[in-house]
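# Report on the structure
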Amino acid sequence: MKRFPFPLRFSIPAVLVLFGTVLGVVSFHQEITKTYRKTEEDASHYARTLGSQIAGILDYLYRSRDVEQAELVISQLGSDPRLHLILLVDQQDRVVLSNNYELRQRPVSTTEAAPHLLKFPDVRQKMAGDLSFSQDRRYLRAIYPVILKAQPGELRPSNVGILFIEYDLLSEKRAAYAAAWNQALTSSAILALFCIGLWFFFDRTLTRRVNRLVAASNQLANGEFSIRAGLSGSDELAQISIAFDQMAAGIQENTKTLRRQNTTLKAQQEAAIDGILIIDENRTVISYNQRFCQLWQIPPELPEQGVDQVILESVLASLAEPEEFIAKVEYLYQHPEEASRDEVLFKDGRILDRYSASVISPLGENYGRIWYFRDITHLRQSEEEIKQVQRFLTSIIENIPNMIFVKDAKDLRFIRINKTGEDLLGYSREELLGKNDYDFFPKHEADFFTTKDRDILKAGNILDIAEEPIQTRDRGLRILHTKKLPILDDTGNPQYILGISEDITERKQAEMDLRHAKEVAEAATQAKSEFLANMSHEIRTPMNAVIGMTRLLLDMSLTPEQEDAVETIRSSGEILLALINDILDFSKIESGKLDLEAQPFELLTCLQEAVDLLSASAKLKGLEIHSFHALDLPTMIVGDVTRLRQILVNLLSNAVKFTAKGTIVVSVTAHRQDQVRDLESGSGPEKFVASGAAGATYEIQFAVQDTGIGIPVEKLDRLFQSFSQVDSSTTRRYGGTGLGLAISRRLSELMGGKMWVESEVGKGSTFYFTILAPIAAQVLPVNLHPGVQATLPQS
């Protein structure tokens, strides 16, 4: 119940004064209204009588043509102060006579009667008067028709004039107001004396005793449970006092019990893992725990204010869906009979589980609502991750190219199968699920699969792998590579059989075809290699003899023409011998008969020897060859120095061949390999690395850079192919067989490295290759070889 705004000692006299004042004002207002109405009625009767009489007198005077008497009548009327304005208007609405001499002969539209011109025609037509009050009811206006004097030639007058009278009611209303005011003052004085006497009576019999009860109630409300009212008498207040004292005694006893219960309840709330908030039926905060503040990230001062709206306003900004949150809260407050459980989402990704229920007494009374909150962010994140994994696994299972199926261990019926299984077997999932092998496959196949499955179940949780032929519906006989695994239940008994099958029919056929093709290719390659080796050996022996004989001839006395001819034979023979050597090396590499040596050698010496071999050719074209190496380059390494020199010479020879002007740069860097496999046997790069010393192994990188013609990007893939060059024009212009780079790349791969190229047309090319080599001596310091610089150029 809403609290009364004033104490009784003030409210009772205030009510009496208010009642007297209102009564006096109402009476005064009624008296004024009555007096004003009487004044207006009297004025109306007077104006109607006066207007009718004056109009009649003016009619008579104008018929008798006594105009001077008419002016006298108007003049006498003007002496009455209540007649504010008197006008006699002719047929043309011009003022003929007036109590204001200045208005005569003026149009009515220029006088105060102008707003009433519209009524003049109606009065003339009806020949009847009209009475009306002004909007503020200060003036009463009378309009009457007047027969004016006849015009020359008229037997009877036909012109109808207008008598306009404006009657001022202000003085009469002032007199009526003064009389009503005097009467109201007399009545109010009598009523005030009555109210004062009544006030003293209530103060003695009611107010003071009620104040005593109020004081006792306030002390009880403030926790002074020992207070008693102690009023004497037999009236109702004394009975209330007795009941109050009994209630105070009961409250004093119950308070001790409630405090004990509240202390226990508060301890339970604070020990709870959930955030708890209790709101009464008036939406006031009754109780809360610290966990609630922690979950909602609010200071304890907010719930201490006791207003749930304050808490709501402070947390809305952090919610992902504040409108829905408010709507749900308001709905639950409006439907106390309903309980609710949902989730609250925050902008920062947190999720709270929210449960709410009404606090209902055994008698069905609603005491408010209790709210529970629990942080389930990690739980929902875990569930979402599990769902994502499930969706991911389901997608994988459905789209994997292998058939995946699950059978129950009891009667070996299909209970799961993926889309690939449907496509492979030729049956729909609806046809397969709930059926076993006997429903789809020939009896001998069904017996075979069933026996295998029973053996797997007896063997326990052991993976079984087998190749199984199976007759499908529309794809014929297929060969499946199947893996089956029993899935055990909690008691260790087989519950399911999980199987995954891969269709290897085409692979089996391809393996057979490939095996046959490989045998044919190996035979052809072996025959080719043996033919090339034999032919190269047979050609190289007489070619060495030809070159030797030319050298002997050059030592003899020959004419210049003979010496040029012999020199041509010698150089052509050496070119042909180099070609034969390339073919022989290539045939050995192709047949796998090329063995690499593993001997210690000086890396920089090998580099300088390669540079020296091409220096003369470079100088003839006006080119310079520069070499650089890193400071931490190993001095001695283990490997095949001849084959390494062959790669360098091949790359430098190509650089000189395809460079018209500029420079050629050779650079060497090394990187230590922290982990090297300890290989005792093998072939190719593994054999090469394993055959070295037990020391650290380095990856050594060489780069040969020129400023030549460059290579188009679209033709780089043909660069390292056997018997191939970039295009036929380079073959005609520069010569060569196209084996040099192919052999160099294979040699670098046999040494555990690789080879690649970077090139730009018109700006040159850079060939890179690497090898793996163990060190054979201390890495640092490096003994510089004459002509080899110890720093790399700035890129």
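Residues numbered from 1 in each chain as written. Predicted model: local features only at pLDDT ≥ 70, side-chain atom pairs only at ≥ 80, totals over all residues. Heavy atoms only, no water.

## Considerations on the overall build of the chain
The following threshold applies: Numbering of helices and strands runs from the N terminus, with a helix taken as a DSSP run of H or I at least four residues long and a strand as a DSSP run of E at least two residues long. Three exposure classes are used, based on accessible area relative to the maximum for each residue type with a 1.4 Å probe and protein chains only: buried under 20%, partly exposed in between, and exposed over 50%. Residue contacts are counted whenever heavy atoms from the two residues lie within 4.5 Å of one another. Every accessible area reported is derived by Shrake-Rupley at a probe size of 1.4 Å, with residue values counting cover from the shown protein chains alone.
Looking only at helices and strands, one finds 20 helices and 22 strands in the chain. Across the 795 residues in the chain, those meeting the buried criterion constitute 38%. In the chain, once contacts between residues fewer than 6 apart in sequence are set aside, the share between residues at least 24 apart is 59%. Surface exposure of the chain reaches about 46,700 Å², of which carbon and sulfur atoms provide 56%.

## Some remarks on the confidence of the model for the chain
Using the following cut-off: By definition, pLDDT measures how confident the predictor is in each residue, and it falls between 0 and 100.
Looking at the chain, the pLDDT average stands at 81 and 88% of residues meet or exceed 70. Confidence over residues 675-694 falls short of pLDDT 50; this stretch has 28 contacts with residues more than four positions distant or in other chains. Per-residue pLDDT stays below 50 along residues 778-786; that stretch engages in 23 contacts with residues further than four places along the chain or on separate chains.

## Thoughts on unusual backbone geometry
One non-glycine residue with positive phi stands out, namely Gln105, at about 65°. Within the secondary structure layout, Gln105 lies in the loop between β2 (95-98) and α3 (120-126). Using a relative accessible area of 52% as the deciding quantity, one classes Gln105 as exposed. In the Ramachandran plot, Arg283 falls in the positive-phi region, its phi being about 60° despite a non-glycine side chain. Tracing the backbone shows Arg283 in the loop between β6 (275-279) and β7 (285-288). Residue classification places Arg283 among the partly exposed positions, given a relative accessible area of 21%.

## Focus on the packing of helix α4 (residues 170-221) against helix α5 (residues 236-271)
The test is simple: Lines are fitted to the C-alpha atoms to define the axes, a helix being fitted only along its stretch in contact, and any angle between axes, read from their N-to-C directions, falls within 0 to 180 degrees. Each angle receives one of four descriptions, namely roughly parallel if under 35 degrees, roughly antiparallel if over 145, roughly perpendicular if within 65 to 115, and oblique otherwise. Charged means Asp, Glu, Lys or Arg here, nonpolar means Ala, Val, Leu, Ile, Met, Phe, Trp, Tyr, Cys or Pro, and polar covers whatever is left, Gly included.
Relative to each other, α4 and α5 sit at 5°, their axes nearing to 11 Å. Classed by the angle they form, the pair α4 and α5 counts as roughly parallel. The residues of α5 that touch α4, namely those facing Thr205, Leu206, Arg209, Val210, Leu213, Ala216, Ser217 and Leu220, are Leu237, Ala238, Ile240, Ser241, Phe244, Met247, Ala248 and Ile251. Considered class by class, the residues forming the contact of α4 with α5 number 12 nonpolar, three polar and one charged.

## Looking at the sheet that holds strand β10 (residues 366-375)
Quick reminder of the rule: Strand pairing is defined by DSSP finding a minimum of two bridges between the two strands.
Reading across the sheet, the five strands line up as β7-β6-β10-β9-β8 and stay open at both edges, with antiparallel pairing between neighbours. Looking along the sheet, the strands with just one partner apiece sit at the ends: β7 and β8 (340-345). Strand-to-strand twist of the sheet, defined as the mean angle between neighbouring strand axes without regard to direction, takes the value 20°.

## Here we look at the sheet that holds strand β11 (residues 403-408)
Taking strand neighbours across the sheet as the criterion, the five strands line up as β12-β11-β15-β14-β13 in an open arrangement whose pairing is antiparallel. Strand pairing shows two members of the sheet lacking a second neighbour, β12 (414-417) and β13 (464-471), which therefore form its edges. Strand-to-strand twist of the sheet, defined as the mean angle between neighbouring strand axes without regard to direction, takes the value 30°. Across nine bridges, the pairing between strand β14 (residues 477-488) and strand β15 (residues 494-503) is antiparallel.

## Comments concerning the nonpolar core
Threshold: We define a nonpolar core as any set of buried Ala, Val, Leu, Ile, Met, Phe, Trp, Tyr and Cys residues linked to one another through side-chain atoms lying within 4.5 Å.
Of all hydrophobic cores here, the largest spans 48 residues; its most connected members are Leu603, Ile625, Leu644, Leu652, Ile700, Phe702 and Phe769. Breaking this core down by element, the ones donating at least two residues are α15 (560-591), α16 (603-620), α17 (641-657), β19 (663-673), β20 (697-705), α20 (740-750), β21 (755-760) and β22 (764-774). A per-element tally of this core places α16 first, with eight residues. For Ile625, the residues in contact, after removing those within four places along its chain, are Val611, Leu614, Ser615, Ala618, Leu652, Val656, Ile664 and Val666. Judged by nonpolar contacts, the second largest core, of 25 residues, contains Ala43, Ile54, Leu61 and Ala142.

## Here's the deal with a nonpolar patch on the surface
Rules: Like charges within 9 Å and nonpolar side chains (Val, Leu, Ile, Met, Phe, Trp, Tyr) within 5 Å are joined into patches, using only residues over 30% in relative accessible area that form no salt bridge. Here, a salt bridge means any side-chain nitrogen of Lys or Arg that lies within 4 Å of a carboxyl oxygen of Asp or Glu.
Taken together, the side chains of Val389, Phe392, Leu393, Ile396 and Ile397 define a hydrophobic patch exposed on the protein surface, amounting to about 430 Å² of accessible area. With respect to the secondary-structure elements, Leu393 resides in helix α10 (residues 377-399).

## Description of helix α9 (residues 322-334)
Selection rule: Multiplying 1.5 Å by the helix residue count minus one yields the expected span of that helix.
With 13 residues, α9 should reach 18 Å at 1.5 Å per residue; the first-to-last C-alpha distance of 18 Å fits that figure. Its buried side turned inward, α9 meets β6, α6 (290-296), α8 (308-315), β8, β9 (351-360) and β10.

## Digging into the pattern of salt bridges
When charged atoms on two side chains of opposite charge get close, those side chains can pair. Using the criterion set out here, one finds 36 salt bridges in the structure. Residue Arg478 pairs with Glu506 through a salt bridge whose shortest N-O separation is 2.6 Å. With Arg478 in strand β14 and Glu506 in helix α14 (residues 505-554), the pair connects residues that are 28 residues apart, well separated along the chain. Among the charged side chains, a network of salt bridges with common partners joins Lys407, Asp437, Asp453, Glu468 and Lys484.

## Here's the deal with the side chain of Arg643
The criterion, for reference: Polar contacts, as counted here, are pairs of nitrogen or oxygen atoms within 3.5 Å of one another; within protein the pair requires one atom able to donate a hydrogen and one able to accept it, and residues that are adjacent in sequence qualify only if both atoms are side-chain atoms.
Looking at the element boundaries, Arg643 is found in helix α17. In this structure the side chain of Arg643 is engaged in a polar contact, spanning 2.7 Å, whose partner is the side chain of Gln646. Those residues in contact with Arg643 that lie beyond four places of it in its chain are Asp585, Leu594, Leu596, Leu747 and Met751.

## Here's the deal with the packing of α17 against α20
Here is the rule: Take the far helix as your reference; a near helix turned counterclockwise from it by less than a right angle gives a left-handed crossing, and one turned clockwise gives a right-handed crossing.
Between α17 and α20, the least distance of the axes is 10 Å, while the angle of their chain directions is 145°. For the pair α17 and α20, the crossing hand works out as left-handed. Residues Arg643, Gln646, Ile647, Asn650, Leu651 and Asn654 of α17 pack against Gly740, Leu741, Ile743, Ser744, Leu747 and Ser748 of α20. A per-class count over the contact of α17 with α20 returns five nonpolar, six polar and one charged.

## Topic: the packing of aromatic side chains
The condition is simple: Working definition: a ring pair exists when centres of Phe, Tyr or Trp rings (six-membered ring for Trp) sit within 6.5 Å. Plane angles under 30 degrees give stacked, over 60 give edge-to-face, the rest tilted.
Within this structure, the stated rule accounts for 14 aromatic pairs. The interplanar angle of 45° and the centroid separation of 5.8 Å between the aromatic rings of Phe292 and Phe373 together place this pair among those described as tilted. On the criterion of sequence distance, the pair formed by Phe292 in helix α6 and Phe373 in strand β10 is long-range, its members being 81 residues apart. Its relative accessible area of 2% is what places Phe292 among the buried residues.

## With respect to the side chain of Gln269
Along the chain, the position of Gln269 falls in helix α5. Gln269 gets classed as buried once you look at its relative accessible area, which sits at 4%. Apart from the residues within four sequence positions on either side, Gln269 is in contact with Ile276, Ile278, Ser287, Tyr288 and Asn289.

## Description of the environment of Ile276
Within the fold, Ile276 resides in strand β6. Among all residues touching Ile276, those that are not within four sequence positions of it are Gln269, Ser287, Tyr288, Asn289, Phe292, Ile370, Trp371 and Tyr372.

## Some remarks on the environment of Gln30
Residue position: Gln30 is located in helix α1 (residues 8-63). Through-space distance from the C-alpha of Gln30 to that of Ala180 is 9.3 Å; in sequence the pair is 150 residues apart.

## Things to note about the environment of Tyr367
Residue position: Tyr367 is located in strand β10. Relative accessible area serves as the criterion here: at 43%, Tyr367 is assigned to the partly exposed category. Between the alpha carbons of Tyr367 and Ile278 there is a distance of 9.9 Å; along the sequence they are 89 residues apart. Looking at Tyr367, its side chain comes within polar contact range of the side chain of Glu365, at 2.7 Å.

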